[in-house]
Amino acid sequence: MRSAVVTPQDDRIRWVELPGKEPCRVYVHGLGATSPAYFGEIAVHPLLAGHRTLLIDLLGHGLSDRPTDFDYTLESHADALAGALTFAGVAGAELIAHSMGGSVAIVLTARHPHLVSRLVLVDANLDPLPRRPGSGGSSGIAAYSEQAFLAGGWEEVRDRVGPHWWATMRLAGREALHRSAVSLTLGTVPTVRELLLGLEIPRTYLLPEADGPLPGAGALAGAGVAVVAVPDCGHNIMLDNPQAFAHATATALAGTGDRDDEAAGGCGG
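Remember, it's a predicted structure, so these values are computed and weren't measured experimentally.

Here's the deal with the side chain of H112
- In this structure, H112 sits in the loop between α3 (100-111) and β6 (116-122).
- Contact partners of H112, with chain neighbours within four places excluded, come to A78, D79 and A82.

In C-alpha cells:
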C-alpha cells in the first residue's frame, strides 16, 4: 500500500500498487466502492497484467482518509486524485474508471491532461441525475439533506443497497458519501458528457448490453469515443463478467477497438 498527502490538512489518498511496465494503469472505483475490491481480479487478469498498476481509492472512500471538511465535488475529487498521481510519479496513465469514478476520470483528464493518455469508462455517469427519494445509489442518497442523511438516512440507504454494495459503502465517510452523491447528481459545467466529447485522447465507453443503446452514442462515436456493449452483466461489469470485461478493456487499451460490440464479442460469462 502507498499513500500521498492531497489536502492542506494532510489528508491522504491511498492505493494498492502492483509493479510492472509503463504506461501505468490506474483503476478508479465508483460511489461507495473501493478499487482493490472491485478491480483486484481484473488487474491481474492475463489480458491486463504486467503494467505498473494503481488500485486507488478516492478521498473519503476505502483505504483513503475521510475528512469531514472536504467538499467532495467531482472537481475536488479530480484534483485530489491528480495530487496523488503526481506524487506517485504517474504521467500519461491509462485510466480504467467505473461509474462515478468515470466522471472523476473525465474531469481529471480535462483539468490535468498530462496525467492521462487513455480512458476506459465503465458505465460512467455523463449527465446530471434527478434526485429520487427511496431509490438506491446517488439519486437516493442525494435526496436527503446532509443533516438528515447523517442523522439516520444512511441506515435506510444501507437497507436499500443490500449487503454486497454495503460491504464497501460502509467504509466511506458519511459526509463523503453524501457530498459525492450530491455532486454526481448536479454534474459539472460544462457537463461531464461535454468534457468527454472535447477530449482528444483515445476513449472507450463500456456499458451493459442489456441496458440497450447508450443515449447520445452517435455524438460520442462522432467525437471518436468507442462505445462497446458487454454481454451478460449489470452495472458492475468487471464483477459480473470479468472475462468479457478484460477482453474489452485490453482491446481498448491496445487501440484496436471499434464501436458497438466488436471488443466484447464472443466473451460471454
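Some thoughts on helix α6 (residues 174-186)
- Here α6 contains 13 residues, and its C-alpha end-to-end distance of 18 Å stays within 8% of the 18 Å for a straight helix at 1.5 Å per residue.
- Judged by how many residues are buried, α6 sits mostly within the fold: 10 of 13 residues are covered.
- When α6 is considered as a whole, its buried residues turn out to be A176, L177, H178, R179, S180, A181, V182, S183, L184 and T185.
- Looking at the buried side of α6, the elements it contacts are α2 (74-87), α3, α4 (137-142) and α5 (146-169).
- Directly beyond the C-terminal end of α6, a positive phi value near 75° is found at G187.

Concerning the packing of helix α1 (residues 35-43) against helix α10 (residues 242-254)
- As a packed pair, α1 and α10 sit with axes 10 Å apart at the nearest point and diverge in direction by 70°. Relative to α10, the element α1 is oriented roughly perpendicular. For the pair α1 and α10, the contacting residues are F39, E41 and I42 in the first and P242, F245 and A246 in the second.
- Residue composition of the contact of α1 with α10, grouped by class: five nonpolar, no polar and one charged.

Criteria and cut-off values
Residues numbered from 1 in each chain as written. Predicted model: local features only at pLDDT ≥ 70, side-chain atom pairs only at ≥ 80, totals over all residues. Heavy atoms only, no water. Helix = DSSP H or I, 4+ residues; strand = E, 2+ residues; numbered from the N terminus. Contact = heavy atoms within 4.5 Å. Expected span 1.5 Å × (residues − 1). Buried < 20%, exposed > 50% of the residue type's maximum accessible area, 1.4 Å probe, protein only. Axes fitted to C-alpha atoms, helices over the stretch in contact; angles between N-to-C directions. Parallel < 35°, antiparallel > 145°, perpendicular 65-115°, else oblique. Nonpolar A, V, L, I, M, F, W, Y, C, P; charged D, E, K, R; others polar.

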